[in-house]
Amino acid sequence: MLTPARLRQLWVCLALGVLAAVVTGPGGDSAHPFRALRRSVVDPRIGIFIGLAVGLWVLLIAVARLRPLLAEVTAAARARRPVAAALGGPHATTGLNAVLLAAAIVAPLLVSTAAQQSMVNDIGIYALLALGLNVVVGYAGLLDLGYIAFFAIGAYVTAYFSSSSAMPWHAPFVINPFFVFPIALLIAALAGVILGAPTLRLRGDYLAIVTLGFGEIIQLLANNSDEVTNGSRGVFGVPHLSVDLPGIHYRWGIDPLPYYYLLLGIVVVVMIAFGRLERSRIGRAWAAIREDEIAAEATGVPTLRMKLLAFAIGASVSGFAGVLLATKQFFNPQSFSLQSSFLVVAIVIFGGMGSRLGAVTGAVVLQGLAFYLRDKVPPTDRYIYFGAVIVVMMIFRPQGLVPSRRRRREIELAGTTAGASDQLGAAPIGRTIT
Amino acid sequence: MPPRGRASRKGHRMSAVAAAGPADAGVPGGTPSDLVLEARDLTLRFGGVTSLDGVSLRQRRGEILAVIGPNGAGKTSLFNCFTGAYRPQQGSVTFWRTSRRPARIVGRSPHAITHLGIARTFQNIRLFPALSALENVQIGTEVRQRYGSLSAVLGLPGARRQERAGVSRAFELLDLVGLSRRAHDLASSLSHGEQRRLEIARALGTGPRLLLLDEPAAGTNPAEKRALEALIRRIAGGGVSVLLIEHDMRLVMSVATTVVVLNFGRVIAHGTPAQVQRDPAVVEAYLGVETGVDAGGEVR
Ligand SMILES: Nc1ncnc2c1ncn2[C@@H]1O[C@H](COP(=O)(O)OP(=O)(O)OP(=O)(O)O)[C@@H](O)[C@H]1O
Ligand SMILES: [Mg+2]
């Protein structure tokens with residue numbers, strides 16, 4: 001059955017396919033601007049992309065067909081065992097979480113060391129960053145494009161406190177990186193408050209621009225102050241993490257596995273903590289702000305303070321992740337580029353705003369894709385694939401990979417009613433209140 | 001907007017205030033007051049538009065005060081000044097949470113005013129549409145709770161206890177407005193009348209001493225209107241003063257103790273429902289629909 005809507009969907013898929021073929025095809029040169037275009041469209045390679053596009057289209061139809069069927073099965077299962085509420089019940093959720101955790105524990109044992117390294121540096125740390133940004137973007141509905149700055153602050157604070165040789169500028173005493181965690185957390189949170197206090201009064205888009213500027217400023221500061229941060233040469237030689245307690249001595253080293261498990265533990269703890277936060281009065285206040293800021297204020301929610309809290313919590317997670325980055329021995333201002341900032345935002349949106357599992361899954365999928373593409377395409381092309389994946393996702397599944405229940409409902413409502421929840425906390429600027 | 005003489009405006013204002021009880025009772029200070037709210041000389045302009053022009057009014061504790069007036073008279077603007085959503089260019093608003101504690105309202109943020117004890121509903125319903133009815137009310141009941149993010153994360157007993165208290169209070173309020181069976185439904189899935197009642201429950205959740213209702217009967221059916229009347233009486237009976245904007249004259253005349261009539265941002269009459277109904281200025285303001293005033297129809 002080819003309804004006009006389905007046909008339109010096919011056209012969108014085909015257009016995306018051709019676009020992907022063109023952007024991944026041979027490069028052009030200024031003398032023959034259209035040669036590359038011609039070559040990538042006429043080349044038999046285009047068949048692969050058209051095939052992929054049609055495949056995507058068929059998949060979309062299949063999913064649409066299967067969904068009511070699945071709902072029926074679920075409903076039937078529920079009806080049969082009403083008490084245990086079979087699928088989707090709390091037991092099923094616990095079971096699913098256990099399976100996912102087991103998979104996360106086993107996964108690094110099955111891959112190469114290079115992949116393990118990437119699971120730490122790219123997936124683990126970015127999952128943590130995404131979890132923190134999810135509080136800001138997903139819970140409080142604030143678009144923060146300079147989030148990576150707090151990551152930088154965490155990393156440089158670690159270098160300052162835990163090594164006398166990594167940077168020209170260092171503390172008069174050296175402390176174990178483990179004890180830098182709380183310091184970095186506090187300093188990053190403080191930076192979040194200092195940035196947030198004047199700027200959180202701004203709405204939506206303005207906040208995004210100001211935070212973007214902040215991120216750039218921090219990166220430029222790090223890059224240009226050679227006598228303080230070593231500038232673009234980067235910071236080398238922050239000691240590895242180590243525990244020296246009576247009875248327990250452990251040093252993390254070059255081997256990525258111990259780092260992986262440490263990160264996994266931290267990610268799980270942060271997920272549990274933020275889950276509780278989301279279900280508390282704090283989380284409900286954030287939801288209220290996201291859905292209707294004026295009504296939230298009128299209901300007694302101190303909106304500015306709650307936004308600041310979200311900002312500070314997000315920043316502190318970012319700072320925390322910065323410590324881990326620093327103890328991985330080397331980082332330079334490039335690690336805090338605008339691209340990294342966008343990457344974290346992309347992970348959160350791709351995974352599903354407001355969803356903790358989504359943030360982690362987003363990091364796994366997007367960063368996994370980046371790792372997979374590493375040797376297959378030129379590094380300059382990598383973000384093209386990234387972009388394509390995200391564009392496809394936003395067209396066909398705007399709520400993200402693993403959407404949170406609340407967010408999904410908001411997006412559904414935004415499609416049918418005048419709800420303004422799809423605009424990342426932006427409220428109307430001229431506010432006539434009736 | 002037809003031009004009006006300054007003198008006549010002043011005259012009306014004075015008479016409105018004079019009708020409202022002892023002249024010295026509203027002065028902020030240590031003296032106990034039987035007032036819950038007093039507005040003096042409120043003026044609010046938007047560029048060339050003057051939505052409030054020297055409005056003064058007083059409300060006694062426990063009183064159900066109705067504000068009526070034609071469309072665009074400035075009723076909602078008045079509410080917005082009382083709740084901190086708008087800041088008037090001139091005038092003052094004083095609120096007594098208890099008879100001994102006056103608080104100035106102008107200049108405070110909306111959430112601070114809610115904490116003081118003034119809650120409101122909106123003319124164009126503003127619920128949290130993707131949250132359940134229960135969560136909507138919970139957000140109200142939780143604003144006075146004190147536990148922070150750390151106790152929430154650690155699940156400390158105090159936080160859990162407060163959370164349970166907030167939920168049970170929210171259920172009580174849903175019961176009061178007759179929505180306990182829809183507690184777990186999304187706010188957006190409720191009918192128009194139910195949404196209006198849910199807004200009232202949410203406002204009551206914040207523990208107000210003064211409740212501002214902006215056209216709570218708009219768009220509801222006759223049965224719902226009767227239920228609303230009973231609900232307003234119950235709320236006032238429970239010690240919460242009610243300030244009501246309403247176009248439905250039958251509801252206003254039966255439920256209000258006192259009525260204030262606004263027109264073009266000025267108070268043109270003030271008194272008991274019967275007095276106001278007879279006032280020639282009011283009849284003139286509603287010219288062309290004067291039958292609506294005493295026939296009990298919807299005056300719009
Ligand atoms: N934010 C604003 N910006 C500009 N003008 C405004 C604003 N808010 C209110 N007004 C103007 O103030 C006047 C009074 O409006 P208000 O909403 O208070 O009337 P109302 O008595 O509540 O009317 P209704 O019965 O239609 O609700 C109107 O002329 C309106 O256009
Ligand atoms: Mg109005």
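What counts, and at which threshold
- Residues numbered from 1 in each chain as written.
- Chains lettered and ligands numbered in written order.
- Predicted model: local features only at pLDDT ≥ 70, side-chain atom pairs only at ≥ 80, totals over all residues.
- Heavy atoms only, no water.
- Domains from an automatic or database assignment.
- Contact = heavy atoms within 4.5 Å.
- Buried area = accessible area lost by both parts, 1.4 Å probe.
- Salt bridge = Lys/Arg side-chain N within 4 Å of Asp/Glu carboxyl O.
- Polar contact = N/O pair within 3.5 Å; in protein donor to acceptor, adjacent residues only side chain to side chain.
- Helix = DSSP H or I, 4+ residues; strand = E, 2+ residues; numbered from the N terminus.
- 1 Å grid on protein atoms, 1.4 Å probe; cavity = no way out; pocket = protein on both sides within 12 Å on 5 of 7 lines; lining within 4 Å.
- Points joined across faces, edges and corners; volume = space filled by probe spheres on them.
- Nonpolar A, V, L, I, M, F, W, Y, C, P; charged D, E, K, R; others polar.
- Expected span 1.5 Å × (residues − 1).
- Buried < 20%, exposed > 50% of the residue type's maximum accessible area, 1.4 Å probe, protein only.
- Arc of directions from axis to C-beta.

Student: Sorry if this is basic, but what is going on with the domain arrangement of chain A here?
Tutor: Frequently, the measure chosen for interface size is the accessible area that the parts lose on association. Residues and elements named next belong to chain A. Annotation of chain A at the domain level lists domain 1 (1–26 + 36–63) and domain 2 (121–415). Taking only C-alpha atoms into account, the centre of domain 1 sits 35 Å from that of domain 2. Each side of the interface is counted separately: domain 1 has 8 residues, and domain 2 has 7 residues. Roughly 610 Å² is buried in total at the junction of domain 1 and domain 2, and carbon and sulfur atoms are behind 85% of that figure. In this structure, the connection of domain 1 to domain 2 is made through 0 salt bridges. Run the count over domain 1 and domain 2 and you get 0 residue pairs in polar contact (both at pLDDT 80 or more). Elements with a contribution of two residues or more to the side of domain 1 that touches domain 2: α1 (4–24) and α3 (46–80).

Student: Would you mind going over the layout of surface pockets with me for this structure?
Tutor: Once rolled over the atoms, a probe with the size of a water molecule shows which space is left empty. Residues and elements named next belong to chain A. Looking at the second largest pocket, its volume works out to about 1300 Å³. Around the second largest pocket, the lining comprises 41 residues; the ones closest to its centre are Leu56, Leu60, Val392, Met393 and Phe396. Contributions of two or more residues to the lining of the second largest pocket are made by α1, α3, α15 (356–373), α16 (382–396) and α17 (405–416). Here the element with the most residues in the lining of the second largest pocket is α3; it accounts for 10 residues. Looking at the lining of the second largest pocket residue by residue, the classes come out as 30 nonpolar, 5 polar and 6 charged. Counting contributing residues per domain, the lining of the second largest pocket is built from domain 1 (1–26 + 36–63) and domain 2 (121–415), each supplying no fewer than three.

Student: Sorry if this is basic, but what is going on with helix α8 (residues 204–224) of chain A here?
Tutor: Residues three or four positions apart in an α-helix share a direction because the helix packs 3.6 residues into each turn. Residues and elements named next belong to chain A. With 21 residues, α8 should reach 30 Å at 1.5 Å per residue; the first-to-last C-alpha distance of 30 Å fits that figure. Among the residues of α8, Gly204, Leu207, Ala208, Thr211, Phe214, Gly215, Ile218, Gln219 and Ala222 are the ones counted as buried. All buried residues of α8 lie within an arc of 125 degrees about the axis, which places them on one face of the element. Those residues of α8 that are exposed and angled more than 90 degrees off the buried face are Asp205, Ile209, Ile217, Leu221 and Asn224. Those residues of α8 that are buried are in contact with α6 (148–162), α7 (177–199), α9 (226–229), α13 (303–327) and α14 (338–351).

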